[in-house]
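If you want the building blocks of each chain, they are given just below.
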Amino acid sequence: MVDFIQNCLDGIMLGSSYGLLAIGFTLIFGVMRRLNLSYGPSIMVGAFVGTLVYLEFQANAVAIAAATVVGAVIVGIYVERLCFRAIRRGAAVASMVSSFVIWMQLEEIVTVVFPDRTYFFPPLVSAAPVELGPFFFKLENVVMFACAAVMTVWLHWLLQRTRFGLALRAVSEDPRAALFMGINVGAVMSLAFVIASAFGGVAAYLIVSADGQITPLFGLWATFKGLIAMMLGGMGSIPGAILGGLLLGVVEAQSIWYLGTEYRDLSAYFLLFLFLVFRPGGLMGQLAVEREQAATRRV
Amino acid sequence: MLEVSDVAVSYGNIEALRGVELSVEEGGITCLLGPNGAGKTTLMMTIAGILRPRRGRIRFLDRDITGMRPSGVVKRGIALVPENRLVFPAMNVHENLIAGAYLRLGKRKAQVQRDVDHVFERFPRLQERSKQLAGTLSGGEQQMLAVARALMARPRLLMMDEPSLGLAPLIVEEIFRIISDLNADGTTIFLVEQNAHMALQVADHFFLLEQGQVSFSGKPGQLSEHEVIQRAYLGKSAQHDPPAGDRGRPDGTTHPSG
Amino acid sequence: MGGDYLIAVLSNIGMISFIALSAYLLLVVGEISFGQQAFFAVSAYGSGIATAMWGWPIWLGLLWGALVAGVAALVVAIPTVRLRGLYFSVATLAFAEMVRLILEIFTYQVEIDGELVGPNGSDGFRDIRAIYDSNVSAFEYLLIIYGLLAVVLVGFLILERSRLGAIFRMIGEDPMLTEMQGLNVTAHKILAVVLAGVVAGIGGALYAHLTTYVEPKIFNVMLGVHGLAYGLIGGLGTAFGPLIGVAIDIGLLESIRAISGYRMIVFGGLVAVLLIVRPRGLLDEAAVHWLRVRWRELRRGLRRGWRRAEG
């Protein structure tokens, strides 16, 4: 029982970073109704910018984190311009494939600039795990969880309480009607990309610094963790993204403990498949499905 | 108040509007009738700044608004109630109304809140459903919400694209009563309709749009309702055909479907 | 550039073309699959087991591989076919990753001539030597690949002119409208998924026997998404589209030595720009129509000229 609870705690900590990745996905999907496969790779580039700042200037954690976020945002804007804004409405598949070839491009740029592939990434905190009764908490995971919680609350406030949040929700529900309200839809979409990339950048920094290393494969990993967490929670829902991330984290942690490492991803995909077949709306239910279907009659 | 001169719009190679000329007088209800595909919605979109005309001029209150961005058009005082209403389904009624006042939200929050109260006075049914999600409202309520949302922009000119579409006859009457009331309170209205019978009852002036051009302009009564209905539903080509059976029933409450 | 190298590149183009065609067929019915590599993998393993472990002849092995892939596709299709849009795409992805991860732990080995043969988890499946044992040369095998590709392609061309093909395109355009015509959209979609699975399966079986060695990580999502991208680069108007996409990437860019090591940087940029100009690929529906009309005119003109020359 202690093991099970410990796994849940570990899973929730880990899952909070998945939740941040999923929030980025869900924000972009919400306003664009298109899948950005380059999401993971663009924050991977951000993390390599952080690595560069570390290698060149031996910078401190704050500077590295800032560089990671800024890098992710800049690449995010590049992706938005090239794969989304430039491709006309109604061509969602083209945007998706475009974001895929840009993924390949970003990955190769990184391998050219960083030929060793695997690089050391300085940890944010290096302290012994905290003991609380029978349970252990790794400090970097606690930080990860706290950051995720703060950022989610902030995003919730932004979406529900501000003028920009209203515009963003309006655009994600009906871009046409938003235009009639005088909302600058293009600008809202770009800003949604920036916010999503910044969330991704923070998530990337937290995950990579906890791992202590970075490889170009992080892009693929981040895209698929974010995608799975988003689908588990329910597409287009911010609470769903967080819950989906936590669920994914817990399932992975339990699988590793009870079945073995090789079952970690297998159980995650199995769960995803079951959800899609029996409950496509994910944890947040059918509302998300209907909204998505109404908005994307033609993919 | 609004003058459209020689406006042409095309989608790729297809010309939707071919030199449209019309004007809307301040204080009145102007109605635009015409068959499906005549370009009525295209004209609305062009005035609203969503589409750019290939040629021609659009003037509003003696200022050129041709090719202006949608936000600029809204700021100048034109609000559109779009076809099919397009309310924000997963936002509640109150949020939908606030979204209608989007351009004023930054500085004039108190004024916006007063306007919400004002709109609720006019539409008590919306106040009752203030916290309900717009997607769960009935068709008639959604239409009211769409009108109310447009009013939140404090428009000088309210454009409405087929407000009676898909609504039951009783609801249609209610919507048209609202239109008359709004006009009586000083809002100029530019209405696109399929429902010629109802439209001719409220309109001060009307235009017939056929194949991308204005083919008639005048006051209700200048043309027999029968002819208007025929031309509005079926276009010029059908003018000499026998009356179109139940498609153009004189009471005008049914719509040609398809 | 030696002949061996050329044969290797051409063989690669041929095999990847099967995946691209497979993804293309689903694009025609309006669905995006991230998971066609699963059927490629299932067939690679299935046919390898048949020839290397059960001693079946190659042709039967290939057939078996395609069949296994078709059955696997049916198994995926039944629960997922009513999912639309991204839900279907992610379901195919989940399935394909499950297949790959199961192959990572799948072990089934028998002793043949004192050696263990068969899939061995993440170490992969070695010694699928059927074509070498029966002395098929690389060039002959290339002919087999392209022969089968030609058969599949002719099948696609017939399909495109048939009623079934028209129904597929209609479902891709508007499934609701198709349903209202009294056509069974679900059954047709299942059929499309199964056919696509078989096409990918043929490629997988050919691949396993060419390389003699397969391992699970080859069949990752990159393979499937590449196949999908090729269809969109070449164009969604005709089955030649995916082949053009494959040829541009593997044939053209890989052979330009000057950009080796930067290939994806160039390719990514080029394709991104292409998709801005032509969001449905080089040979989209409009381009195909234009070509058909020109071709007809040309033929008519030639015939007229011929007649004049005769008269």
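Computed from a predicted model, the values in this text were never measured in an experiment.

Caption draft 1: Representation of the overall build of chain C within the structure. Each helix and strand counted, chain C has 13 helices and two strands in total. Computed over its C-alpha atoms, the radius of gyration of chain C comes to 21 Å, within 12% of the 19 Å expected for a compact globule of 311 residues. Dimensions of chain C, computed from the C-alpha atoms along their principal axes, are close to 75 × 50 × 40 Å. Looking at chain C as a whole, 48% of its 311 residues qualify as buried. Taking the contacts inside chain C whose residues are at least 6 apart along the sequence as the reference set, 75% of them involve residues at least 24 apart.

Caption draft 2: Summary view of the arrangement of the chains. The protein chains that touch form two pairs of chains, and the pair with the most contacts between them is chains A and C. Nowhere do chain B and chain C come into contact; their C-alpha atoms are at least 13 Å apart.

Caption draft 3: Region of interest: the pairing of strand β4 (residues 55–60) of chain B. Residues and elements named next belong to chain B. Bridging between strand β1 (residues 2–11) and β4 involves five bridges; their strand directions are antiparallel. Bridge pairing links Glu3 to Arg59 in β4. Looking at chain direction, β4 and strand β5 (residues 63–64) are connected through two bridges and run antiparallel. Its bridge partner being in β5, Phe60 is matched across the sheet by Arg63. Two successive antiparallel strands, β4 and β5, enclose a turn made up of two residues, where Leu61 displays a positive phi of approximately 50°.

Caption draft 4: The arrangement of the interface of chain C and chain A in detail. On the side of chain A, 35 residues touch chain C, which itself brings 35 residues to the contact. Of all the elements in the fold, those that place two or more residues in the side of chain C that touches chain A are α3 (58–80), α4 (85–105), α10 (221–234) and α12 (263–277) of chain C. Tallying contributions element by element places α4(C) first for the side of chain C that touches chain A, with 13 residues. Partitioning the side of chain C that touches chain A into residue classes produces 26 nonpolar, five polar and four charged.

Caption draft 5: Local environment of the interface of chain B and chain A. Across the boundary between the two partners, chain B contributes 21 residues, which contact 16 residues of chain A. Contributing elements (two or more residues each) for the side of chain B that touches chain A: α2 (70–76) and α3 (93–100) of chain B. Its residues placed into classes, the side of chain B that touches chain A shows 16 nonpolar, three polar and two charged.

Caption draft 6: Here's a closer look at the sheet that holds β1(B). Residue and element names in this part refer to chain B. Read across the sheet, four strands follow the order β2-β1-β4-β5 without closing on themselves; strand pairing throughout is antiparallel. Each edge of the open sheet carries a strand with a single partner, namely β2 (14–24) and β5. On top of the sheet, helix α1 (residues 40–48) reaches β1, β2 and β4; it is set at about 70° to β2, its chief contact.

Parameters at a glance
Residues numbered from 1 in each chain as written. Chains lettered and ligands numbered in written order. Predicted model: local features only at pLDDT ≥ 70, side-chain atom pairs only at ≥ 80, totals over all residues. Helix = DSSP H or I, 4+ residues; strand = E, 2+ residues; numbered from the N terminus. Rg over C-alpha atoms; globule rule 2.2 N^0.38 Å. Buried ≥ 20, exposed ≤ 12 C-beta atoms within 10 Å, placed from the backbone. Contact = placed C-beta atoms within 7 Å. Pairing = 2+ DSSP bridges. Nonpolar A, V, L, I, M, F, W, Y, C, P; charged D, E, K, R; others polar. Axes fitted to C-alpha atoms, helices over the stretch in contact; angles between N-to-C directions.

Everything listed is a geometric property; what it means functionally is a separate question.
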